[in-house]
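These are the residues of each chain, in order.
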Amino acid sequence: MGSKLRDNLSNRYYQRRNLLNARPNLVKALVEDGSDISIWERMLKKACPQKQFDVKPYQAGENRTKSKQLVIKTIIGNGGPLYIGCVDSDLDKLLETERYGQQGGLFYPSHYLFHTYVYSVENLFCLPSTLGDAYTTATSFKGGLDFEELFKLISQTVYPLMITDLYLRHAGSPDVFNVENWGYIFPGEKNVKQTLSGKAKNDIVESIANNVNKYLRGLKQLPAFDEGKCRAYEKELLAKYPFMSQDNCILFVYGHGVFDFVKTLMEEQKQYDFNTEKQEIITAKDMEQPVKNQRIEELTNRQNDIKTVLRSNFDFMTNGCQTYHFIKFDIQQAFREEVAE
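**Some points on the overall build of the chain**
So, step 1. The helix and strand tally for the chain stands at 16 helices and four strands.
So, step 2. Taken as a whole, the chain presents about 17,400 Å² of accessible surface, with 48% of it coming from carbon and sulfur.

In structure tokens form, the structure reads like this:
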């Protein structure tokens, strides 16, 4: 029943519905899953406040892993200014010519498909220039990490792996770097904790470099890899997509891996800062025990869930994020064209 109903949904259907309901500015927007509703609804409303957006996930039963392709298929077939799709870019934007060149491109303006430009919404939530404020919001601590400098170093470290993988995909290699392996590139809880305490044998960036080199050696031994052609492809890629660079490529790698790493980093920093301040209260000689107990309770109550704060970190919309402005421009341009027609 569900599939037949969906087959009848189209931009024309929503035109008629809006006419009957006297709501000409209502736009139906499909997203990949329920966790994407908030961020896309916020971006759509910010870009076009004169419109009303009904943002719903294209998720039925166990189709979560296929939801992006279902959104793409639906909007390419039946989309329009009243029936749009909003999806993660993944690697589709950087490889749009190779994957969708014969179709004239995948995303807007080819179709009413809007996308993140960065790998996924998780990368937007983890924009490095916003993480300091997000950490303070979650913990009330200023923290000792310079997130912007740290993630610039991390970007420079993972850049060769990202470029090599993109080249292999561009060349049509059957063997590439599995995106889920980014979880093995970023260090886990143990290494982060040791780095923050100054006891790590290899700090966070050194650990990432070691992991990158391990995978990079294997990829460069593949038959499809050619050093000269890879360097030429890199130049073409950067010329075509100047918003991606060696210093910010962390925004264009597997977003779930980045998000989990940032969450781990913040959680360990939070525990370190909490223990430090708690110990200062405990050892304060001029403070009575009831006051100490109250201060520790207040300190505990100020701690918020890191994941929840990150998933609510919309500061990329006001923090000069270049790719967000691309998203906003595409949405505004699409609805300006609708009015012109």
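The rest of the description comes next.
**Details of helix α12 (residues 227-240)**
Side chains of residues three or four places apart in an α-helix project in the same direction, reflecting 3.6 residues per turn.
So, step 1. Between the first and last C-alpha of α12 there are 20 Å, a value that for 14 residues agrees with the 20 Å anticipated at 1.5 Å per step.
So, step 2. For α12, the complete set of buried residues consists of C230, Y233, E234 and L237. For α12, the angular spread of the buried residues around the axis is 110°, confining them to a single face. Set apart from the buried face of α12 by more than 90 degrees, the exposed residues are K235, E236 and A239.

**A word on the nonpolar core**
So, step 1. F151, I154 and F316 are the most contacted members of the largest nonpolar core, which totals 106 residues.
So, step 2. In terms of residue count, the dominant contributor to this core is helix α8 (residues 147-170) (12 residues).
So, step 3. Setting aside residues no more than four positions away along its own chain, I154 makes contact with F186, I204, V205, I208, I250 and F261.

**With respect to the pairing of strand β1 (residues 26-31)**
So, step 1. Most of β1 sits out of view: six of its six residues are buried.
So, step 2. Of the strand pairs in this sheet, β1 and strand β2 (residues 52-57) are connected by six bridges, and their pairing is parallel. Bridge pairing in β2 places V31 opposite P57.
So, step 3. Bridge analysis of β1 against strand β3 (residues 83-87) gives four bridges, and the strand direction is parallel. Along β3, the bridge assignment pairs K28 with Y83.

**Quick word on the packing of aromatic side chains**
So, step 1. Summed over all chains, the structure comprises 18 aromatic pairs.
So, step 2. Relative to W182, the ring of F177 lies with its centre 5.2 Å away and its plane at 85°, an arrangement referred to as edge-to-face.
So, step 3. F177 gets classed as buried once you look at its relative accessible area, which sits at 2%.
So, step 4. On the basis of relative accessible area, W182 is assigned to the buried category, the value being 5%.
So, step 5. Ring plane angle 65° and centroid distance 5.8 Å describe the contact between Y241 and F243, whose orientation is recorded as edge-to-face.
So, step 6. Taken together, F151, F177, W182, F186, Y215 and F261 form an aromatic cluster joined through their ring pairs.
So, step 7. A cation over an aromatic ring shows up here: R42 above the ring of F314, its NZ or CZ 3.9 Å from the ring centre.
So, step 8. One cation-aromatic arrangement involves R311 over F259; the distance from NZ or CZ to the ring centre is 5.8 Å.

Cut-offs and rules
Residues numbered from 1 in each chain as written. Predicted model: local features only at pLDDT ≥ 70, side-chain atom pairs only at ≥ 80, totals over all residues. Heavy atoms only, no water. Helix = DSSP H or I, 4+ residues; strand = E, 2+ residues; numbered from the N terminus. Areas by Shrake-Rupley, 256 points an atom, 1.4 Å probe, with all protein chains shown as cover. Expected span 1.5 Å × (residues − 1). Buried < 20%, exposed > 50% of the residue type's maximum accessible area, 1.4 Å probe, protein only. Arc of directions from axis to C-beta. Core = buried A, V, L, I, M, F, W, Y, C linked by side-chain atoms within 4.5 Å. Contact = heavy atoms within 4.5 Å. Pairing = 2+ DSSP bridges. Phe/Tyr/Trp six-rings, centres within 6.5 Å; stacked < 30°, edge-to-face > 60°. Lys NZ or Arg CZ within 6 Å of the ring centre and 35° of its normal.

Purely geometric numbers; function is a separate question.
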